[in-house]
Number of protein chains: 2
Amino acid sequence: MSHDPDSLVRTFISSLCSLELESALGMVTSDCEYDNVPLGKIHGPEGIRSALSGYLGTAEEIDWVITAQVSTGTLDDGLVLNERDDRVRIDGTWRSLPVCGVFVVTGGRISLWRDYFDRGTLAKVMAREAT
Amino acid sequence: MSHDPDSLVRTFISSLCSLELESALGMVTSDCEYDNVPLGKIHGPEGIRSALSGYLGTAEEIDWVITAQVSTGTLDDGLVLNERDDRVRIDGTWRSLPVCGVFVVTGGRISLWRDYFDRGTLAKVMAREAT
């Protein structure tokens, strides 16, 4: 159980890294907006599951490292911004996607998850041939 | 005079929008790292001046809107993350670059400024023909 927006987002990221997708999806609101800024938005737990399925299906392992995180407010009405190194292992090699994330917390769950990154870097990270 | 990291970063962004570049450069440390994540890093006030010269030379007007900002620490040792809509007017039309910024504040000045955005979106924003 998270007691503040900061720990809720840390637990959410940690659940994704452990591939505990159901647990992670239980931490978002039913109408949660998931916005991968250069790619587009989807909504709700099923939209998030669908959006992440290609990424998680290609990855042998993921390790998203929060390098900085600042938050304000409460679990009822909170805001969290973080800087991450979204590491993913594909074809035996770890690759890095630098990301900044914005999370709005409403009524104890994440109601907005917006990630900023470079689309070209993501394409290189996900390419099947190891570079 | 800024009294906390939050207001220092707001004043810095506001100075850039007013094209008061000398005033803005006075708010960064002599070895400040300016990292445009998908493009690369430069250092120091002269590096920042050089990095911004093309952008500011092409722009008729700039209006970087801070849509969310969270900070922690003090002016001596602080951290600020913000989400911005970096608007720029070129050929009479306003274009938008969605950005997340990370700012480290050390000894009353900005010692790290790291911006996350999509390189392809920046290229479209800066294209001379209005879209």
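Everything below is about the structure shown above.
Residues numbered from 1 in each chain as written. Chains lettered and ligands numbered in written order. Predicted model: local features only at pLDDT ≥ 70, side-chain atom pairs only at ≥ 80, totals over all residues. Heavy atoms only, no water.

Considerations on the interface of chain A and chain B
The condition that has to hold: Pairs of residues are marked as contacts when any of their non-hydrogen atoms sit within 4.5 Å. Reported buried area values correspond to the accessible surface (1.4 Å probe) lost by two parts on association, with both partners' losses combined. What counts as a salt bridge is simple: a side-chain nitrogen of Lys or Arg found within 4 Å of a carboxyl oxygen of Asp or Glu. In protein, a polar contact means a hydrogen-donor-capable atom and an acceptor-capable atom, both N or O and within 3.5 Å, with residues adjacent in sequence counting only if both atoms are side-chain atoms; elsewhere, any N or O pair within 3.5 Å suffices. Numbering of helices and strands runs from the N terminus, with a helix taken as a DSSP run of H or I at least four residues long and a strand as a DSSP run of E at least two residues long. Three classes are used, and their members are as follows: Ala, Val, Leu, Ile, Met, Phe, Trp, Tyr, Cys and Pro are nonpolar, Asp, Glu, Lys and Arg are charged, and the others, Gly among them, are polar.
Taken together, the contact pairs 20 residues of chain A with 20 residues of chain B. At the boundary of chain A with chain B, total buried surface from both sides reaches about 1,500 Å², with 73% on carbon and sulfur atoms. Contact with chain B buries area across many residues of chain A, yet Val70, Leu81 and Tyr116 of chain A alone supply 36% of it, more than any other trio. Seen at the junction of chain A and chain B, the total is 2 salt bridges. With a shortest N-O distance of 2.5 Å, glutamate 83 of chain A and arginine 114 of chain B are connected by a salt bridge. One can count 6 residue pairs in polar contact (both at pLDDT 80 or more) joining chain A with chain B. At the level of secondary structure, the elements contributing two or more residues to the side of chain A that touches chain B comprise strand S3 (61-73), strand S4 (77-90), strand S5 (93-106), strand S6 (109-116) and helix H4 (119-126) of chain A. Here the residues of the side of chain A that touches chain B sort into 12 nonpolar, 4 polar and 4 charged.

Section: helix H1 (residues 5-17) of chain A
Residues separated by three or four positions in an α-helix point in the same direction, a consequence of the helix having 3.6 residues per turn. Residues and elements named next belong to chain A. Rule in force here: To estimate the expected span of a helix, subtract one from its residue number and multiply by 1.5 Å. Each residue's exposure class comes from its accessible area (1.4 Å probe, protein chains only) as a fraction of the maximum for that residue type: buried when under 20%, exposed when over 50%, partly exposed otherwise.
The first and last C-alpha atoms of H1 sit 19 Å apart over 13 residues, in line with the 18 Å expected at 1.5 Å per residue. Listed in full, the buried residues belonging to H1 are Pro5, Asp6, Leu8, Val9, Phe12, Ile13, Ser15, Leu16 and Cys17. Downstream of H1 by a residue or two, leucine 19 has a phi angle that is positive, lying close to 60 degrees.

Considerations on the pairing of strand S1 (residues 28-36) of chain B
Residue and element names in this part refer to chain B. Threshold: Paired strands, in this sense, are two strands between which DSSP finds at least two bridges.
Of all 9 residues that make up S1, 7 are buried, and the element is covered over most of its length. Here S1 pairs with strand S6 (residues 109-116) via 5 bridges, running parallel. The residue bridging asparagine 36 from the neighbouring strand is aspartate 115, located in S6. Of the pairings in the sheet, the one linking S1 to strand S2 (residues 40-43) comprises 4 bridges and is antiparallel in character. Note that in S2 the partner of aspartate 35 across the bridge is lysine 41. The turn joining S1 and S2, which pair antiparallel and follow one another in sequence, is formed by 3 residues.

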